[in-house]
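Structural overview for review
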Amino acid sequence: MSFLWAIEKIEEELRKNIKELGYEQVKPEVSEPTVKAYGDVSSRVCFDISKTSKEKPAAIAEKISSRIELDFSEVEAKNGYINFKFNDKYLFNVIEEVRKKGHQYGIPAIENKNRRIIIEHTNSNPNKPIHMGILRNTVLGDTLARVFRYVGYETIVLNYIDDSGAQVSDNILAITELGYPKEPVGERYDYYSGRIYAEVHEKIENNPQLRKKKYEIIKKIEDGKNEVAQLARWFSEKVVTDQLRTCWRIGAFFDLLNWESDVVKSGLLDTVLKKLNEKGRLYIPKEGKNENCTVLKLSDQEEFKNLEEPDEVLIRSDGTITYVGKDIAYAFWKISKPPVDFKYRPFITQPNGKTLWTTDEERGEPNVLNVNNADLAITLVDMRQEYPQKVVKTALSFITDKAKHAYRPFLYGIVAISGETAYKISGKKEYASSQMVHMSGRKGLVVNAEDLLNELAKVARIESKKRNPSIREDVLESIGNEIAVAAVRYFMLKTDLNNTIVFDVDEALKLNGDSGPRLQYTYARAHSIMEKAGRYDRGGINQKLVEKEIEMELIKEISKFSFYVRETINNLEPKYLARYAKNLADKFNLFYESCPILNEKEEIRNNRLIILESFLVVFEKVLDLLGIPALQEM
RNA sequence: GGGCCCGUGGCCUAGUAUGGAUCAAGGCACCAGCCUGCGGAGCUGGUUAUCGUGGGUUCAAAUCCCACCGGGCCCGCCA
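Just so you know, these numbers come straight off a predicted model, no measurement behind them.

1. As for the overall build of chain A
Within chain A, the secondary structure is distributed over 23 helices and 18 strands. In terms of overall size, chain A behaves like a compact globule, its C-alpha atoms giving a radius of gyration of 28 Å where 634 residues would be expected to give roughly 26 Å. Viewed in the frame of its principal axes, chain A has a C-alpha envelope of about 80 × 70 × 55 Å. The 634 residues of chain A split such that 57% are buried. Contacts in chain A between residues far apart in sequence, at least 24 positions, make up 73% of those at least 6 positions apart. As presented, chain A carries roughly 28,300 Å² of accessible surface, and 47% of it is formed by carbon and sulfur atoms. Here chain A contributes 95 positive and 97 negative side-chain charges, whose respective centroids are spaced 1 Å apart.

2. As for the protein's contact with RNA strand B
Around RNA strand B, a shell composed of 69 residues is seen, among which Asp162, Arg316, Arg467, Tyr521 and Lys532 lie nearest. When atoms of RNA strand B within 4 Å of the protein are split into backbone and base, the sugar-phosphate part holds 64%. Arg44 places a side-chain nitrogen or oxygen 3.3 Å from a base nitrogen of RNA strand B. A distance of 2.6 Å separates a sugar or linking oxygen of RNA strand B from a polar atom in the side chain of Arg525. Listing elements by their share of the surface near RNA strand B, those giving two or more residues are strand S4 (81-86), helix H13 (386-399), helix H16 (449-467), helix H19 (516-533) and helix H22 (574-594). The biggest single contributor to the surface near RNA strand B is H22, with 8 residues.

3. Things to note about the sheet that holds strand S2 (residues 41-43)
Pairing within the open sheet is antiparallel, and its 4 strands lie in the order S1-S2-S4-S3. The open sheet has two free edges, formed respectively by strand S1 (30-31) and strand S3 (73-78), since each of these has just one partner strand. Bridging between S3 and S4 involves 6 bridges; their strand directions are antiparallel. By the bridge assignment for S4, Ser73 is matched with Phe86.

4. Quick notes on H13
Along its 14 residues, H13 runs 21 Å from first to last C-alpha, staying within 8% of the 20 Å computed at 1.5 Å per residue. Taken as a whole, H13 has its buried residues at Pro388, Gln389, Val391, Val392, Thr394, Ala395, Leu396, Phe398 and Ile399.

5. Examining the environment of Leu356
For Leu356, the position within the fold is in strand S12 (residues 355-359). Exposure remark for Leu356: the relative accessible area of 0% places this residue in the buried category. For the pair Leu356 and Pro629, spaced 273 residues apart in the sequence, the C-alpha separation amounts to 22 Å. If we skip the residues at most four places from it in the chain, Leu356 touches Leu244, Phe254, Asp255, Leu256, Leu257, Pro346, Phe347, Ile348 and Gln350.

6. Thoughts on unusual backbone geometry
Phi angles above zero are rare outside glycine, and Asn123 is one such case at about 45°. If you trace the backbone, Asn123 turns up in the loop between strand S5 (116-120) and helix H5 (132-151). Its identity as a non-glycine residue notwithstanding, Asn292 has a phi of 65°, on the positive side. Turning to its location among the elements, Asn292 is positioned in the loop between strand S8 (282-283) and strand S9 (294-296).

7. Let's talk about the pairing of S4
Where S2 meets S4, 3 bridges bridge the pair, whose relative direction is antiparallel. Paired with Ser43 across the bridge in S4 is Ile82. Here S3 folds back onto S4 in antiparallel fashion, the turn holding 2 residues, of which Asn79 has a positive phi close to 50°.

8. What to know about the packing of H19 against H22
Look at H19 against H22: their axes get within 10 Å of each other, and the N-to-C directions meet at 45°. As far as their axial angle goes, H22 and H19 are oblique. In the packing of H19 onto H22, the handedness of the crossing is left-handed. Taking contact as the criterion, the partners of Arg518, Leu519, Thr522, Arg525, Ala526 and Ile529 in H19 are, on H22, Ala581, Lys582, Ala585, Asp586, Phe588, Asn589, Tyr592 and Glu593. Looking at the contact of H19 with H22 residue by residue, the class counts come to 7 nonpolar, 2 polar and 5 charged.

9. Let's talk about the sheet that holds strand S14 (residues 376-382)
Taken in spatial order, the 8 strands make up an open sheet running S13-S11-S12-S7-S6-S5-S14-S15, and their pairing is mixed. On the outer flanks of this sheet lie strand S13 (365-366) and strand S15 (407-412), each paired with one strand and no other. Relative to S14, S5 is paired through 4 bridges, and the arrangement is parallel. Bridge pairing in S14 links Ile117 to Leu376.

10. Overview of the domain arrangement of chain A
Accessible area lost upon the coming together of the parts is a frequently used measure of interface size. Once the domains are mapped, chain A shows domain 1 (3-86) and domain 2 (448-634). Counting the surface lost from both domain 1 and domain 2, the interface buries some 810 Å², and carbon and sulfur atoms represent 53% of this. The largest share of the area that domain 1 buries against domain 2 comes from Phe3, Leu4 and Glu32, three residues that together contribute 59% of it. The tally of links from domain 1 across to domain 2 stands at 4 salt bridges. For Lys36, the salt bridge identified is with Glu553, shortest N-O distance 3.2 Å. Seen at the junction of domain 1 and domain 2, the total is 6 residue pairs in polar contact (both at pLDDT 80 or more). At 4 residues, helix H1 (residues 3-20) tops the list of elements feeding residues into the side of domain 1 that touches domain 2. For the side of domain 1 that touches domain 2, the residue count by class is 4 nonpolar, no polar and 5 charged.

11. A look at the pattern of salt bridges
For the structure on display, the rule yields 61 salt bridges. For Asp255, the salt bridge identified is with Arg149, shortest N-O distance 3.0 Å. With Asp255 in the loop between helix H9 (227-249) and strand S7 (256-259) and Arg149 in helix H5, this residue pair connects regions lying 106 residues apart in the sequence. Residue class for Asp255 comes out partly exposed when judged on its relative accessible area of 22%. The class for Arg149 is partly exposed, based on a relative accessible area of 37%. In this structure, Lys213 engages Glu177 in a salt bridge whose closest nitrogen and oxygen atoms are separated by 3.2 Å. One end of the pair, Lys213, is in helix H8 (residues 208-223); the other, Glu177, is in helix H6 (residues 166-177), and 36 residues separate them in sequence. For Lys213, a relative accessible area of 33% translates into the label partly exposed. According to the relative accessible area criterion, Glu177 is partly exposed, its value standing at 39%.

About the criteria used
Residues numbered from 1 in each chain as written. Chains lettered and ligands numbered in written order. Predicted model: local features only at pLDDT ≥ 70, side-chain atom pairs only at ≥ 80, totals over all residues. Heavy atoms only, no water. Helix = DSSP H or I, 4+ residues; strand = E, 2+ residues; numbered from the N terminus. Rg over C-alpha atoms; globule rule 2.2 N^0.38 Å. Buried < 20%, exposed > 50% of the residue type's maximum accessible area, 1.4 Å probe, protein only. Contact = heavy atoms within 4.5 Å. Areas by Shrake-Rupley, 256 points an atom, 1.4 Å probe, with all protein chains shown as cover. Lys, Arg positive; Asp, Glu negative; His and termini not counted. Charge placed at Lys NZ, Arg CZ, Asp CG, Glu CD. Near = heavy atom within 4 Å. Polar contact = N/O pair within 3.5 Å; in protein donor to acceptor, adjacent residues only side chain to side chain. Pairing = 2+ DSSP bridges. Expected span 1.5 Å × (residues − 1). Axes fitted to C-alpha atoms, helices over the stretch in contact; angles between N-to-C directions. Parallel < 35°, antiparallel > 145°, perpendicular 65-115°, else oblique. Left-handed = near helix turned anticlockwise from the far one by under 90°. Nonpolar A, V, L, I, M, F, W, Y, C, P; charged D, E, K, R; others polar. Domains from an automatic or database assignment. Buried area = accessible area lost by both parts, 1.4 Å probe. Salt bridge = Lys/Arg side-chain N within 4 Å of Asp/Glu carboxyl O.

Okay, structure coming up:
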């Protein structure tokens, strides 16, 4: 049994009785009551019924509840609500089922599991290290991927590399024209390239000759088969490899790198432009602002008609392609089977042992991968990209009916930094009094993921050492890092998607309270009891399984796992799972305080160990889905 | 001009989708407790909130509707 199963049974029972009593059919929604005294699940369906039936809710509730028979729950009518309180049979069955299914216990019954899901995340420009803003994207995307995979969907994780845009070309220009060496000395490529960009960007933008050369470089990258393109690709791959190291460090892995330049070189772009043209959506103005550009017509579309310039440039007058232009073609590939496909080659073997592939029109092989034509393509982008994503989706809808349901931008709020943090990293006092400051690589106002993780790991190691002076150095090293990962991931996951995260370094370095490390600590304590327990009688759960209220509550919380997995999938809200992890940990910590195990007499000891065992099985999986390392010591 | 997001104790955050039940729930900070007892990164108790403002709908509004105020963002031959 599980919570999810129980509420479905309850809804079914309510529906049946509403019908038999001759009331108008309303959806018998149930929810968790705000107050414990009202049971585990309650329904306010009687309020809805009373609107049409003229009876008082309380009377209806009495009538319905007296007819309901469920063997796993008591029923009570109160104040017009119908309340359900799960009984011993429920608790007993939950434990049985967890023991039987193990880590599979949280998989909800979902139809259409044979669908293919594409999740595209991270998508950092290959010209800088991963910073906190991108990390929010990576963590959200990776967690979604973990959950989809867990539930049983074929899940493909992409990382789109924007190598043919203006930012990479700044770097290449710096190397070819401004005397920067190809290879950094004593610096990672991602950091090096971030530094170059900050140093040369303004210079290039303010110099017409350099600016012109920059667009020549973009053109060459898009054309391929020339030295500039090869240099750009080589350099970008170096940067991407460093960025990947950061992703791996926090537990995020990919299946395929999709290079933006390959979207053009493969002929995919031409294919899609042709389709758009056949639908009459493209035109080339002979004069005016967009003279000689290829423009997507949107002005006749409802959502765009109030804009001053609704139409969107896809090909610039110099023949280079805009970001949106390439993104439309790429998005089309994701949800369809176009006549042209990329060429692929293995890029690198990741620390999890899985091969990461890459598109590569120069050195790749055709027909070696089949990863597109997804039933649902989720693209993680921050909210500032809502508009261009709307353009992409609208463009797709002109050429495929799948666009509406299969293409799904996943929007989330940006990460900014607090005034204090901005002051700290830039040394500029004027920031100190600001509420929030936007990150900017060019202004040196960036919190890089690696730097933060290193700082966190340092703090964590000091704490660990304090508690465990004899700990081995290499163990300490990896524990420090895993605590840092937990802190960052949980922080990103628990926050509502719509919220701007105003990141403060000092705040982030606290490892107590509602935090990832607290979850790890909870796990470590639980695990340590299990370890000390040694052998115990796992055979018969005593019929009187629980003695105290909190034991009941812990089991009920355990039973909610699949419910929150389903909520996460249905609403695309990783937050639900993060909050579940916290609630489950809360319940365990209460259990821990008031229910001693090892020194109890045998019967109670065995029962509690069995509850503990179930908790560990579920909690371990929850942490895994969140990407939080479950530590046995810390 | 058009559109999007946010506003909840001193600070941060949940609750808003699907309006309801006695105290609006956590965390930080602060104060007071709990280790001869399974790991004190934990637990218990306390102080702090007219849920941005004003209207409206309703038997019932943090939640729905309208207006306004404050903060942030987007509408580029940037990405």
